[in-house]
2 protein chains.
Amino acid sequence: MSDLAISPAASALDIRLAARAGRLTGHTSGLAAEHVQANLAILPAAVADDFRRFCELNPQACPLLAVTAPGETAVPALGADLDLLHDVPRYRVWHDGELVDEPTDIARWWRDDLVTFVIGCSFSFEHALLAEGIPLRHVEQGRNVAMYRSAIPTRVAGPFSGPTVVSMRPLRAADAIRAVQITSRLPQVHGAPLHLGDPALIGIRDLARPDYGDPVEVRADELPVFWACGVTPQAAIANARLPFCITHAPGHMLVTDLFNRELAGH
Amino acid sequence: MSDLAISPAASALDIRLAARAGRLTGHTSGLAAEHVQANLAILPAAVADDFRRFCELNPQACPLLAVTAPGETAVPALGADLDLLHDVPRYRVWHDGELVDEPTDIARWWRDDLVTFVIGCSFSFEHALLAEGIPLRHVEQGRNVAMYRSAIPTRVAGPFSGPTVVSMRPLRAADAIRAVQITSRLPQVHGAPLHLGDPALIGIRDLARPDYGDPVEVRADELPVFWACGVTPQAAIANARLPFCITHAPGHMLVTDLFNRELAGH
């Protein structure tokens, strides 16, 4: 059964079971779209306190949905039957900041001292924006969102530091204002934008050349709108050049049982 | 006793009593600043239904705080001791769209068929922005806010029509985002901005030449942020060239017992 056989109507558990069985090894974008998908960072306990502090100091870039105890492979709060070792379609394994493996499960890499950080992802707020009728060009064009290393520094914690990576979506002003309203209510998935308008003010020289993802046109009647991005913690982990860690592969997220609508604050 | 003797710490009732006694005839900006101040439009009952519909169709420009029955001169919901004939420091009386009088009370102009519309005012949201540490240049410079007749049309009701008049405040992007969050919670005093960024997109050719109020500098690291403005209903009333109506004089507002903080929605 190929990835194409995964129905967009599949439940979150269906998606996890498909990944667990090796039937889903591709991107999770658009799958179980009403459910919260998440970034993963799996680190040795020795650096976990520093990384937790990094996330807490930079909550817009690194909104924590859950943190496990060392060695735990379940996260009951995010899914009744959830296996951190198999339920992500593709992982990345890092040694000294270098990518050494991209497996579809991490059973052979597992250690009892590993702490898993589950971090909110922009898929949830994009779902909320689309549901309110706000068009997202990269979604329409089937591209990855454009991401940039901004001049906005993160707050340092232990070995973790680096720029705030931002994602950019071009919006007309009235939609940008609505987008601020909608995403402000979703602090666990990056919350309100960090910036809008002139990219140079946050150190971005050329919108046509993103540092990650695909470029997207910004039309004359649009403003570029910038949100803190879940690539920020990945960049901080890379900066730290940890002897060992595991992340999800970009776009291959952990699909949780939480509904996006459950995240809306007041 | 001159206007200067009105303490900024005076209560809303103190302000109304000072206006009622003829001791306050000047602007109400900065007086009883925690209280909701309001625009007034006093119209014959024959056109009141159309004007109510105009306000309801254009709620960001004309947020209704209260509407009286014909001939009523009290508004208990807005103040226990509130006299619409005397409590505004200065009124404007209009015949056929022409200004014929600027009295400090309207006892001699009163008619039993007059309906009073009490409409929210930007002083309330400016108070909320300043309280959150967002600087407002026109306040710092002691100027009136810059206002423009935009190309955003109002929805027509009976004889009432015309452009949406907008007020503009220059803000840095992060403050503009905060300002959207703060003013979104205040729908009864114009709510969220209508536009930000390029003024030409809403038909404003030259920010340096406002249609009402005073120009204010927009710096290179700022965006102009535009809110619907309470001058919109005044412009619609002027357009309608009613045989007779009364408004407050600009800046000379009705000070109510409501606290600004009571307006915050969720």
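See above for the structure.
This write-up is about the structure you can find in this document. (Residues numbered from 1 in each chain as written. Chains lettered and ligands numbered in written order. Predicted model: local features only at pLDDT ≥ 70, side-chain atom pairs only at ≥ 80, totals over all residues. Heavy atoms only, no water.)

## Notes on the interface of chain B and chain A
Convention followed: In this description, contact between two residues means that some pair of their heavy atoms is separated by no more than 4.5 Å. Here, a salt bridge means any Lys or Arg side-chain nitrogen found within 4 Å of an Asp or Glu carboxyl oxygen. Within 3.5 Å is the distance limit for a polar contact, defined as a pair of N or O atoms, with the added protein rule that one can donate a hydrogen and the other accept it, and that residues adjacent in sequence qualify only through two side-chain atoms. Helical segments are the DSSP runs of H or I of at least four residues, strand segments are the runs of E of at least two, and each set is numbered from the N terminus. All residues other than Ala, Val, Leu, Ile, Met, Phe, Trp, Tyr, Cys, Pro, Asp, Glu, Lys and Arg, Gly among them, are scored as polar; the first ten of these are nonpolar and the last four charged.
Taken together, the 15 residues of chain B in the interface contact 16 residues of chain A. For the interface between chain B and chain A, the tally reads zero salt bridges. At the junction of chain B with chain A, the criterion picks out two residue pairs in polar contact (both at pLDDT 80 or more). Elements with a minimum of two residues in the side of chain B that touches chain A: helix 5 (173-184) and strand 8 (195-196) of chain B. Looking at the side of chain B that touches chain A element by element, the count peaks at six residues for helix 5 of chain B. Of the residues contributing to the side of chain B that touches chain A, the split by class is 10 nonpolar, four polar and one charged.

## Observations regarding empty space enclosed by the protein
All names here are of chain A. This is how the line gets drawn: Put simply, the grid is 1 Å and covers the protein atoms alone, a cavity is a trapped set of points that fit a 1.4 Å probe, a pocket is an open set with protein on both sides within 12 Å along at least five of seven lines, and lining residues have an atom within 4 Å of a point. Grid points are joined across faces, edges and corners, and a volume is the space filled by probe spheres set on the points.
On inspection of all chains with the given rule, the structure shows one cavity of 30 Å³ or more. Estimates place the volume of the largest cavity at around 30 Å³. In terms of lining, the largest cavity is formed by Asn39, Leu40, Ala41, Ile119, Gly230, Pro233, Gln234, Ile237 and His248. Taken together, the elements giving at least two residues each to the lining of the largest cavity come down to strand 1 (35-44) and helix 6 (231-240). The residue inventory of the lining of the largest cavity, partitioned by class, reads five nonpolar, four polar and no charged.

## Some remarks on the relation of the copies chain B and chain A
Superposition of the two copies of the chain requires a rotation about an axis together with a shift along that axis. As a reminder, the rule being used: To line up the copies, we fit them by least squares on C-alpha atoms, keeping just the residues with pLDDT of at least 70 in both.
Least-squares fitting of chain B to chain A yields an RMSD of 0.0 Å, with the transformation described by 0.0 Å of translation along the axis and a rotation of 179 degrees. Read as a symmetry element, the transformation amounts to a two-fold axis. Both copies contact each other with a shared surface, as 100% of the interface residues of chain B are interface residues in chain A too.

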